Amino acid sequence: SGGTPFVAGNTYHITTVVGSSGVFLYVNGELSKTYNPSFNWGNISSSQTAYLNIGRTYPNYYMAGDIPVLKLHNRGLTATEVKEKYESYKNRFNL
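My aim in this report is to walk through the structure given alongside it, one point at a time. (Residues numbered from 1 in each chain as written. Predicted model: local features only at pLDDT ≥ 70, side-chain atom pairs only at ≥ 80, totals over all residues. Heavy atoms only, no water.)

Quick notes on the overall build of the protein chain
Argument step 1. Along the protein chain, the regular secondary structure elements total 1 helix and 5 strands.
Argument step 2. Listing each helix as α and each strand as β along the protein chain from the N terminus yields β-β-β-β-β-α.
Argument step 3. Summarising the internal contacts of the protein chain: among those between residues at least 6 apart in sequence, 31% fall at separations of at least 24. (Helix = DSSP H or I, 4+ residues; strand = E, 2+ residues; numbered from the N terminus. Contact = heavy atoms within 4.5 Å.)

So this is what it looks like as structure tokens:
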């Protein structure tokens, strides 16, 4: 439960970190929400297909807005790294 309410017209720096201990959602460099998925990450192999939706939730709900920067990493970021990335974009996007 909990989380950050989003306000229309505001810009946010959102980071999602997915790891073996759960999923972590950061908003403007601060941890906003954590949850544990109902499946086992260890059961996913490199031969399986995983779908990544950006700006869309299943089945057909789309975000009304722009995504000016998108970065994917090959590992989970630490809370410190998330904060550093937020700080690097804060002035550029008037956050």
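Here the narrative resumes.
Section: helix H1 (residues 79-90)
Argument step 1. If you check H1, its first and last C-alpha atoms are 16 Å apart, about what 12 residues at 1.5 Å a residue would give, namely 16 Å.
Argument step 2. Among all positions of H1, only Val82, Tyr86 and Tyr89 are buried. Along H1, the residues classed as buried sweep out an arc of 70° about the axis, all on the same side. Residues of H1 that are exposed and point over 90 degrees away from its buried face: Thr80, Glu84 and Ser88. (Expected span 1.5 Å × (residues − 1). Buried < 20%, exposed > 50% of the residue type's maximum accessible area, 1.4 Å probe, protein only. Arc of directions from axis to C-beta.)

Digging into the packing of aromatic side chains
Argument step 1. Taken as a whole and judged by the stated rule, the model has 2 aromatic pairs.
Argument step 2. Judged by centre distance (4.8 Å) and plane angle (85°), the rings of phenylalanine 6 and tyrosine 12 are edge-to-face.
Argument step 3. For tyrosine 12, a relative accessible area of 23% puts it in the partly exposed group.
Argument step 4. An angle of 35° between the planes, with centres 6.0 Å apart, marks the rings of tyrosine 89 and phenylalanine 93 as tilted.
Argument step 5. For phenylalanine 93, a relative accessible area of 23% translates into the label partly exposed. (Phe/Tyr/Trp six-rings, centres within 6.5 Å; stacked < 30°, edge-to-face > 60°.)

A short note on the sheet that holds strand S3 (residues 30-35)
Argument step 1. In spatial order, the strands read S1-S2-S3; together these 3 strands make up an open sheet with antiparallel pairing. A strand with exactly one partner marks an edge of an open sheet, and here the two such strands are strand S1 (14-19) and S3. Within the sheet, the average angular offset between the axes of one strand and its neighbour, ignoring direction, is 20°.
Argument step 2. Pairing between strand S2 (residues 22-27) and S3: 5 bridges, direction antiparallel. Residue pairing across strands places valine 23 opposite tyrosine 35, the latter belonging to S3. (Pairing = 2+ DSSP bridges. Axes fitted to C-alpha atoms, helices over the stretch in contact; angles between N-to-C directions.)

By themselves, these observations are geometric and do not establish any function.
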